[in-house]
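# Summary of the model geometry
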Amino acid sequence: MISLITGGAQGIGFSTAQHFVRRGDKVAIMDRGPVAEAREKLGSDVLAIEGDVRNPADVDAAVALTIETFGGLDTVVTSAGIVAVEPAFDVTAEAFMDMMAVNVLGSFLPAQRAAKYMSENGGGSIVFIGSVYGSVGAPKRTAYCASKGAVHNMMQSLATEWGPLGIRVNAVAPTGVRTPMVQDLIDRGIYNLTGVRNRTPLGRIAEPNEIAAAAAFLSSPESSMIHGIVLPVDGGWIANGYTW
Ligand SMILES: NC(=O)c1ccc[n+]([C@@H]2O[C@H](COP(=O)([O-])OP(=O)(O)OC[C@H]3O[C@@H](n4cnc5c(N)ncnc54)[C@H](O)[C@@H]3O)[C@@H](O)[C@H]2O)c1
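Now for a description of the structure that goes with this document. (Residues numbered from 1 in each chain as written. Predicted model: local features only at pLDDT ≥ 70, side-chain atom pairs only at ≥ 80, totals over all residues. Heavy atoms only, no water.)

### Side note on the pattern of salt bridges
In this structure the tally under the stated criterion is seven salt bridges. Note that Arg54 and Asp52 form a salt bridge whose closest N and O atoms lie 2.6 Å from each other. You can call Arg54 partly exposed: its relative accessible area is 28%. On the basis of relative accessibility, which here comes to 18%, the residue Asp52 falls in the buried class. Residues joined by salt bridges that share partners form a network here, namely Asp52, Arg54 and Asp98. (Salt bridge = Lys/Arg side-chain N within 4 Å of Asp/Glu carboxyl O. Buried < 20%, exposed > 50% of the residue type's maximum accessible area, 1.4 Å probe, protein only.)

### Topic: the site of the ligand
The local shell around the ligand holds 29 residues, among which Ile12, Asp31, Tyr144, Val177 and Thr179 are the closest. In the environment of the ligand, a nitrogen atom lies 3.0 Å from a nitrogen or oxygen atom belonging to the backbone of Val53. One nitrogen or oxygen atom from the main chain of Met181 is found 3.4 Å from an oxygen atom belonging to the ligand. Protein chains shield 94% of the accessible area of the ligand, which is 830 Å² for the free molecule. Those elements that provide at least two residues to the shell around the ligand are helix H1 (11–22), helix H5 (142–162) and helix H6 (180–187). Residue contributions to the shell around the ligand peak at three residues, all from H6. Classifying every residue of the shell around the ligand by side-chain character gives twelve nonpolar, twelve polar and five charged. (Near = heavy atom within 4 Å. Polar contact = N/O pair within 3.5 Å; in protein donor to acceptor, adjacent residues only side chain to side chain. Areas by Shrake-Rupley, 256 points an atom, 1.4 Å probe, with all protein chains shown as cover. Helix = DSSP H or I, 4+ residues; strand = E, 2+ residues; numbered from the N terminus. Nonpolar A, V, L, I, M, F, W, Y, C, P; charged D, E, K, R; others polar.)

### Examining the packing of helix H3 (residues 56–70) against helix H4 (residues 93–119)
Helices that pack against each other are described as a pair by the angle of their axes relative to one another and the distance between those axes. Closest axis-to-axis distance for the H3/H4 pair is 9 Å, and the angle between their directions is 40°. As judged from the angle between their axes, H3 and H4 are oblique. The two elements H3 and H4 meet at a crossing, and its hand is right-handed. Of the residues in H4, those touching H3 at Pro56, Val59, Asp60, Val63 and Ile67 are Leu109, Pro110, Arg113, Ala114 and Tyr117. Broken down by class, the residue content of the contact of H3 with H4 amounts to eight nonpolar, no polar and two charged. (Axes fitted to C-alpha atoms, helices over the stretch in contact; angles between N-to-C directions. Parallel < 35°, antiparallel > 145°, perpendicular 65-115°, else oblique. Left-handed = near helix turned anticlockwise from the far one by under 90°. Contact = heavy atoms within 4.5 Å.)

Set out below in C-alpha cells:
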C-alpha cells in the first residue's frame, strides 16, 4: 500500500510511519517539524515532505508528490495536531481559531485532496487521529475538545459521502499517549498522569505504537466492512465514569 501520514515527524504519526514501513507500505510523511531527521530513522525509502497542514497549497503539493513518487495513494492518516491547556476564560479568538485550523481544517484538507484522487483510482482509506476528548469534555481543554469533537463528526459526514466512492473513513480516539506532546504537558506540570492512570481500567497511558496498530488495522483490508466509526484506544478510559 501507499500511505501518507501527516504529523509523521514525531509521536503517533512517526510511530504509524514506522508501523507502515514494517508492513511493507511505501510511506510519505508530511510535517512542519523535522521531517529529515524522521526520515533518517525511518529509512531512505520514506518520502519526507515539509509542509503545514493548514495550508491548502502545502497539502496539494504533498498529495501530488506522494502520488508522483510512488505511483498512487491508498491511505491517509492525519496525525498532525496541537493541544492547549488553559481556562476557557483565557482562550483568545486567535488561539481558538488556530486549534480549529490545525486539528480540523488540517485533517480535512489532506483527506479531501487524497479522496479526490482515490475516488478516481479504485478507492482507499482515511484514518483521522481524534481523541477521547472528541467524545467527552474536560476542564481547560475547551478549544481542544471542540476541535476533536469536530474531527469525529466530520469523519462521519465524510463517511456518508465517500463510502459510495469506495473510500473508507474512520477515526482512532486515543487516551493519553506517551509522545512529545504529552511529555511537554507533564514537564510543565499541567498533565494529571496519576488521574488518567486511576481512571483507566488498564492502569496506564498508551504507547504510540498501540495507536499506530489501530491506524494500521483501520487502513488495511482486514477492516474492509468497518466504516464511519470512532475506535477508542484508551484502556477503558471512556467506559469508566467513576471518580477516584
Ligand atoms: N498524545 C496524546 O496523548 C494524544 C491523545 C489523543 C489524541 N492525540 C492526537 O494525536 C495526534 C498526534 O499527537 P502526538 O501526541 O503524536 O503529538 P506530537 O506533538 O508529539 O506530534 C504532532 C506532530 O504534528 C506536527 N504538526 C503540528 N501542527 C502541524 C501543522 N500545522 N502542519 C504540519 N504538521 C504539524 C508536529 O510538528 C508534530 O511532529 C494529535 O492530533 C493529537 O491531538 C494525542
